[in-house]
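Letter by letter, the chains look like this.
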Amino acid sequence: MNRSRIAAIVLKNWFSFRRDFFRIFDIFWWPTFMLFVWGLLSIYLTKTSVNSPNFVTILLGGVILWNTFDHATRDVSRTFVEEVWDKNLANFFSTPLTLTEYLVGILAIAIVKIIVGALFMLMLARLFYAFDPMALSWFLIVGFVSLVLTGWLISIVIQAIILRYGHTVEVFIWAVAILLQPFSCVFYPLETLPGWAQRIALVLPTTYIFENMRLMIFSGSVRVDQIVLSYALNLFYGVCAVVFFYRTFRVAKDKGLLVKYV
Amino acid sequence: MEILSVQSLTKSFGAFVAVDNISFSVAEGEIVGLLGPNGAGKTTTIFMLLDLISPTKGEIRVFDKSYKEASEYIHQHLNYSSTYVELPPRLTVWENLLVMGFMYQVDNKEARIRELAEKFGVTPFINWQYQKLSAGQKTRVSLCKAFLNEPKLLLLDEPTASLDPDIAQFVRKEILASQKRGMTVLITSHNMTEVEEMCDRVLFINHGKIIAEDTPDGLANRVRKSRVHFMMKDGQKRTLSFAKKAGFSAIAENRFVTIDIDEQDIAYLLASLADLGVSYSEITIDKPTLEEFFIEASAGRSL
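The rules behind the values
Residues numbered from 1 in each chain as written. Chains lettered and ligands numbered in written order. Predicted model: local features only at pLDDT ≥ 70, side-chain atom pairs only at ≥ 80, totals over all residues. Heavy atoms only, no water. Buried < 20%, exposed > 50% of the residue type's maximum accessible area, 1.4 Å probe, protein only. Helix = DSSP H or I, 4+ residues; strand = E, 2+ residues; numbered from the N terminus. Pairing = 2+ DSSP bridges. Patch = residues over 30% accessible without salt bridge, like charges linked within 9 Å, V, L, I, M, F, W, Y side chains within 5 Å. Areas by Shrake-Rupley, 256 points an atom, 1.4 Å probe, with all protein chains shown as cover. Salt bridge = Lys/Arg side-chain N within 4 Å of Asp/Glu carboxyl O. Axes fitted to C-alpha atoms, helices over the stretch in contact; angles between N-to-C directions. Contact = heavy atoms within 4.5 Å. Parallel < 35°, antiparallel > 145°, perpendicular 65-115°, else oblique. Left-handed = near helix turned anticlockwise from the far one by under 90°. Nonpolar A, V, L, I, M, F, W, Y, C, P; charged D, E, K, R; others polar. 1 Å grid on protein atoms, 1.4 Å probe; cavity = no way out; pocket = protein on both sides within 12 Å on 5 of 7 lines; lining within 4 Å. Points joined across faces, edges and corners; volume = space filled by probe spheres on them.

Peer 1: I keep staring at the pairing of strand β3 (residues 31-35) of chain B and nothing clicks. Help me out?
Peer 2: Regular strands show a simple pattern: their side chains alternate between the two faces of the sheet. Residues and elements named next belong to chain B. The element β3 is largely enclosed, with a buried count of five among its five residues. The side-chain alternation of β3 yields two buried faces, one formed by Ile31, Gly33 and Leu35 and the other by Val32 and Leu34. As defined by bridge partners, β3 adjoins strand β7 (residues 184-188) across three bridges and the pair is classed as parallel. Within the sheet, the bridge partner assigned to Ile31 lies in β7 and is Val185.

Okay, here's the thing in structure tokens:
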């Protein structure tokens, strides 16, 4: 892997990003909006419930972690689709750039944006709702990393699908997180779901993170086996996603799709 | 030494065969033209040479290496410019070239970019966003990008399209100067004068097949012989008689005589007519052109 070429990817995206008001807006607007809505709801529930658990921490913890996952899914896919919009794939892949360097480059940019977005959310939550991140202790980091990994592997699959089928499937970028949210048990326990939905939830790495977030808030401990399972699922799906992406890239070269948009 | 070698290269998209079993090679320091009508398979061939499209069959070796064994090495010493390929529109010219400088690990990137920008007349708009450039300005930027890594092999797809004549002439000179420095160039162009001026050899491709390969003059001479027109003052009959004896095709119309002749025989013809005391007030020599070959070959006439 070559650092100069990875730097080229980072630099290109930085130049693009700093001129795109809506992408800068996107980092700060949605976290603010979601915190506003869910924060107020959690305050209302806390006030109206007798002997209620800490709704603020549960809901805002869910919102912050979910937003992290959502951004991880969208940012990387959007960076890729921008190369398609910019008709830039042919420019990049006619240089010595390897596919792995390309992926590392866009993930490097994504991690910075995700960290900035998450810190901003934590700061707002602290400021307006007295949210205490320490209630999640070390789990905040473990959960954050697992969700980012899940988001990235999904985005790698989305990129492969966009590469293969073009602009028409761009809707996946925005839809996947929303489709997965009901099964990930972000705001309610797994038992709340009907049986068939529970079976889907159990194969999602995200479910174990949100389940254990609540466990951490209620009891101060987590099910380590479930955290390990979440990471194991990420590893398994991650390998599948990368293999799928590389194979799709090969198919794209066979079908001339890399130069379709030049 | 062969810089590029293509063997039995074929590309099919479903039932459509875009490139059909072509083979050719390009030697170090050579400038080779890839000509053909629209849809002939030139761009698909270029994209296969860049490894952006995988061949259905056949082998490509660049610098005596295949992409499977040395993709990074090949791409590091190769570059291309195309009128039809865009750079990211929201980035400025400088930013685009800087990104490419990192991509090719160019030493002293900023100095190199400034040098090329000055050379290709890009400096006045180097801080403009790419999307705000005219077609000609974009072509110049694309050429800066192509020369950024001082490639050993340069693939140029219509390098002077949309350029003003003075800039186009400069670009041609620059390509010829690069050839002197050892650069090898494969070029597609619809400007036949440009191809005649620059190319050592031309591959003519139509319906995915190479149908002719020769020097620009060699291809032009396949269409017809040179045509010498005389406006006669004296000796029209002697001229026609001489032409008949020498085996040249000649026709007379009023005071004009036209003789079809191989280019190397023109000197002999003129000397012989002088010996015969023939006098003429005007002479024009109409040599066959590559453009005529292009038109005939594109129409599918056998040459």
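Back to the write-up after that little detour.
Peer 1: Mind showing me how you'd approach a nonpolar patch on the surface here?
Peer 2: All names here are of chain A. Judged by side-chain polarity, Phe21, Phe22, Phe25, Trp29, Trp30, Phe33, Phe36, Val37 and Leu40 come together as a nonpolar surface patch covering roughly 920 Å² of accessible area. Structurally, the position occupied by Trp29 is in helix α2 (residues 21-48). Accessibility expressed as a relative area gives 37% for Trp29, which makes it partly exposed.

Peer 1: What is the right way to look at the sheet that holds strand β13 (residues 279-286) of chain B in this model?
Peer 2: Strand-to-strand pairing in sheets goes through backbone hydrogen bonds, with the strands running parallel or antiparallel. Residue and element names in this part refer to chain B. Spatially, β11-β12-β10-β13 is the arrangement adopted by the four strands of the open sheet, whose pairing is antiparallel. At either end of the open sheet lies a strand with only one pairing partner, and these are β11 (249-253) and β13. Each strand axis lies, on average, 20° off the axis of its neighbour in the sheet, ignoring direction. When β11 meets strand β12 (residues 256-261), the two strands line up antiparallel, connected through five bridges. Its bridge partner being in β12, Ile251 is matched across the sheet by Thr258. Strands in contact with helix α9 (residues 236-246) are β10 (226-234), β11 and β12; relative to β12, the strand with the most contacts, it is inclined by about 15°. Contacts from helix α10 (residues 266-275) reach β10, β12 and β13 within the one sheet, and its direction differs from that of β10 by about 10°.

Peer 1: I tried to follow the packing of helix α8 (residues 216-223) of chain B against helix α11 (residues 290-298) of chain B on my own but got confused; where do I start?
Peer 2: When two helices pack together, their arrangement is given by the angle between their axes and by how far apart the axes lie. Residues and elements named next belong to chain B. Viewed as axis vectors pointing N to C, α8 and α11 meet at an angle of 60°, and their least axial separation amounts to 8 Å. Relative to α11, α8 is oriented oblique. Relative to α11, the crossing made by α8 is left-handed. Mapping the contact onto sequence places Pro216, Leu219, Ala220, Arg222 and Val223 in α8 and Leu290, Glu292, Phe293 and Glu296 in α11. Here the residues of the contact of α8 with α11 are counted per class, giving six nonpolar, no polar and three charged.

Peer 1: Explain the layout of surface pockets here, please?
Peer 2: In this model, the largest pocket occupies a volume close to 820 Å³. Lys253 of chain A together with Asp51, Tyr67, Lys68 and Ser71 of chain B are, among the 27 residues lining the largest pocket, the residues nearest its centre. Mapped onto the lining of the largest pocket, the elements with two or more residues apiece are α5 (99-129) and α10 (224-255) of chain A together with β4 (57-62) and α2 (67-76) of chain B. In the lining of the largest pocket, the residues fall into 12 nonpolar, eight polar and seven charged.

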